[in-house]
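# Structural overview for review
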Amino acid sequence: MITLQAVAVFVQAVTAGLLLSAPVGGTLHSAGAYTLFVVALLHLAVTIGVWRPGGGSPRPILYAVAFLAVASAQIALGIAHVKAVHVPLGVLMFGMSVLQVVRIRASASSGVAAAVRGSA
């Protein structure tokens, strides 16, 4: 789910560029914003669903809530045309998403490596 979120943020960056150069860019950027919001909601639901039965750390939930809050702020700032905050916050969102993807992949690969070492 986090990879989908990172891709959705990247698509937003692409449609932001289209917004500057093509008449349809505004519509695509707006549609992408609401799509990203839904993806962020789904990400939050998945993190809660994964945490609840296993009783693991709530840290992924905190990340998902923070990302959803930032996405909500982005939508409000975009509607208000506050580009001076909207653009840097978008870059921050992309960085947050990529960092989370890298963190999860590194954690998964270290878990696999530990399992392999344990079975040898």
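Quick caveat: nothing in here was measured; it's all calculated off a predicted structure. (Residues numbered from 1 in each chain as written. Predicted model: local features only at pLDDT ≥ 70, side-chain atom pairs only at ≥ 80, totals over all residues. Heavy atoms only, no water.)

### Let's talk about the overall build of the protein chain
The condition is simple: Here a strand is any run of E in DSSP of at least two residues, a helix any run of H or I of at least four, and the numbering for each starts at the N terminus. For each residue, the accessible area found with a 1.4 Å probe, counting protein chains only, is set against the maximum for its type, and the residue is called buried under 20%, exposed over 50%, and partly exposed in between. Contacts: residue pairs with any heavy atoms within 4.5 Å of one another.
Check the secondary structure of the protein chain and you find 4 helices and 0 strands. Referenced to the eigenvectors of the C-alpha coordinate spread, the extents of the protein chain come out at roughly 60 × 25 × 20 Å. Out of the 120 residues in the protein chain, the part that is buried amounts to 28%. Look at the contacts in the protein chain between residues 6 or more apart in sequence, and 57% of them connect residues 24 or more apart.

### Points about the packing of aromatic side chains
Convention followed: Each aromatic pair joins two rings of Phe, Tyr and Trp (for Trp, the six-membered one) with centres within 6.5 Å, and gets the label stacked for planes under 30 degrees apart, edge-to-face for over 60, and tilted for any other angle.
In this structure the tally under the stated criterion is 2 aromatic pairs. Residues Phe-10 and Phe-94 carry aromatic rings whose centres are separated by 6.2 Å and whose planes lie at 40 degrees to one another, so their mutual orientation is tilted. Placement of the pair is Phe-10 in helix α1 (residues 2-21) and Phe-94 in helix α4 (residues 83-119), with a sequence separation of 84 residues. Look at Phe-10 and you get partly exposed, because its relative accessible area is 48%.

### Re the side chain of Gln-5
Worth spelling out the cut-off: Two N or O atoms count as a polar contact when they lie within 3.5 Å, although within protein this holds only if one can serve as hydrogen donor and the other as acceptor, and sequence-adjacent residues are included solely when both atoms are side-chain atoms.
By the secondary structure assignment, Gln-5 is in helix α1. At a separation of 3.3 Å, a polar atom in the side chain of Gln-5 contacts the side chain of Tyr-63. Beyond its immediate sequence surroundings of up to four residues, Gln-5 is in contact with Leu-36, Val-39, Ala-40, His-43, Tyr-63, Phe-67 and Ser-97.

### Quick notes on helix α3 (residues 59-79)
Residues spaced three or four apart along an α-helix face the same direction, because each turn holds 3.6 residues. Put simply, the rule is: For a helix, the expected span equals 1.5 Å multiplied by the number of residues minus one.
For α3, with 21 residues, the first-to-last C-alpha span of 31 Å sits near the 30 Å given by 1.5 Å per residue. A positive backbone phi angle near 60 degrees is found at His-81, which sits one or two residues after α3.

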